[in-house]
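A look at the structure
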Amino acid sequence: MEVIELENHLRTLATLEENDSPVISCYLDLSNGLAGCRGLLSIRLLTLRKLLPQHQTEDFDQAAARIHAYLGAPLPPRTRGLALFSRGGALPFWLALEFEVALPTWISAGSSPNIYHLVELKDNYDRYAILLMTETSARIIGVNLGSVTEQLWRARPELRPRVGHDWSRDHFQNHRRERTRQFLHDQIRILDRVVSAGGYGHIILAGNSRMIAAVRKEMPKRLAAMLVDAVPAAATDQVNDIVSSTLLSFLEHEEMESQALAEKLITQIRTHGLAVAGTRATLEAIRVGQADILVLVKSYDPGAGWECRNCGKLELELPPPAACPACHAPHIREFDIRGELVRLAERHQVICEVVEHNDILMSLGGVGCLLRYYAPANYWSSAA
Ligand SMILES: [Zn+2]
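Nothing here was measured: the structure is a model prediction, and the numbers come from that model.

Read across the sheet, 4 strands follow the order E3-E2-E1-E4 without closing on themselves; strand pairing throughout is antiparallel. Of all the strands in the sheet, just strand E3 (93-99) and strand E4 (106-110) have a single pairing partner and so form its edges. Each strand of the sheet is rotated relative to its neighbour by a mean of 5°, with strand direction disregarded. The sheet contacts of helix H2 (residues 35-51) involve strand E1 (23-29) and E4, and relative to E4 the element is tilted by about 20°.

What follows is the structure, encoded as structure tokens:
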């Protein structure tokens with residue numbers, strides 16, 4: 001799947017109109033095959049069913065049956081992660097997304113799809129292009145969400161050993177150098193085209209050190225700025241092996257970018273600048289359209305919250321009451337706080353960044369956002 005398709009699906013999921021039927025969000029890690037997660041899936045679905053009010057169980061059963069039916073059919077062999085969203089009832093909804101990278105096994109039910117793990121996946125993987133350069137060939141590989149989606153291959157033009165009466169050895173050597181240089185230039189030009197046409201923001205070089213050095217030297221500044229790393233590889237290496245070895249360095253690079261944003265957020269908090277931290281302040285900033293970039297620590301998971309559908313009262317710490325304590329309406333909507341944050345972020349086109357670890361951000365509540373503009377002073381004091 002391409003990042004752009006995932007973005008479309010995220011929008012669909014984040015804007016799905018809620019009704020009284022629960023949505024099952026089912027993420028499965030297929031690293032050990034489907035058999036490895038069937039047991040846990042059954043247990044989770046049984047548990048979730050018990051937690052639902054009686055009138056929702058029939059719709060829930062329909063949604064669960066859809067998931068079981070889907071998992072009964074064969075999956076593409078390279079699938080390592082699944083994200084399934086299922087709702088039964090009068091307005092059924094179904095979306096199955098297959099990935100070549102693993103997702104954590106995580107299953108829940110709520111009034112809206114929980115897109116957190118998709119958002120994290122998108123933040124981690126994004127897309128990049130690999131230029132594999134050796135003396136004998138060049139290949140350009142597009143990687144989207146951890147899987148190969150585009151291959152543009154160019155073989156090096158044959159160098160005929162025409163050392164004869166009209167070609168001196170020196171002449172031949174010069175000719176070969178010139179051909180190599182020309183070949184390199186052509187590949188860089190092609191890379192430039194592929195990268196701009198495909199909207200790739202990052203490049204990883206692969207090959208032997210001599211060719212990597214030559215490419216680095218010849219790259220225009222625009223491309224050099226997108227360079228993430230260079231990894232050793234041979235022309236005979238399998239594409240999948242090359243992709244696996246570049247993925248690791250790409251993930252490290254993405255994490256560095258996320259950390260830089262977390263640092264920026266902390267600096268803004270420290271200097272009383274354009275940022276807020278803590279669950280409530282962040283949620284409110286996103287709700288009013290003030291948030292620019294949402295930053296979450298990976299271990300941030302504050303549990304469930306609720307709001308009154310009638311008066312909008314929001315509660316992030318206390319368990320849900322039968323009726324709203326403010327307006328007495330019985331229309332309480334429960335939600336997973338982390339899922340709700342990223343769902344609202346998606347709806348408001350706020351970029352989400354997930355950082356692996358950050359102790360300072362964790363001490364500020366594990367979540368925060370950079371703001372587009374200043375807001376009333378009350379946001380500053382309400383860090384959760
Ligand atoms: Zn209320």
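From this point, the discussion proceeds with the structure in view.
What follows concerns the domain arrangement of the chain. Segmentation of the chain into domains returns domain 1 (1-125), domain 2 (126-237) and domain 3 (255-384). The centre of domain 1, based on its C-alpha atoms, is set 41 Å off from the matching centre of domain 2. The partner domain 2 presents 7 residues to the 10 residues of domain 1 that form the contact. Only helix H1 (3-14) and helix H4 (116-125) provide two or more residues apiece to the side of domain 1 that touches domain 2. Considering every element that reaches the side of domain 1 that touches domain 2, the biggest residue donor is H4, with 3 residues. Broken down by class, the residue content of the side of domain 1 that touches domain 2 amounts to 7 nonpolar, no polar and 3 charged.

Rules behind the numbers
- Residues numbered from 1 in each chain as written.
- Predicted model: local features only at pLDDT ≥ 70, side-chain atom pairs only at ≥ 80, totals over all residues.
- Pairing = 2+ DSSP bridges.
- Helix = DSSP H or I, 4+ residues; strand = E, 2+ residues; numbered from the N terminus.
- Axes fitted to C-alpha atoms, helices over the stretch in contact; angles between N-to-C directions.
- Contact = placed C-beta atoms within 7 Å.
- Domains from an automatic or database assignment.
- Nonpolar A, V, L, I, M, F, W, Y, C, P; charged D, E, K, R; others polar.

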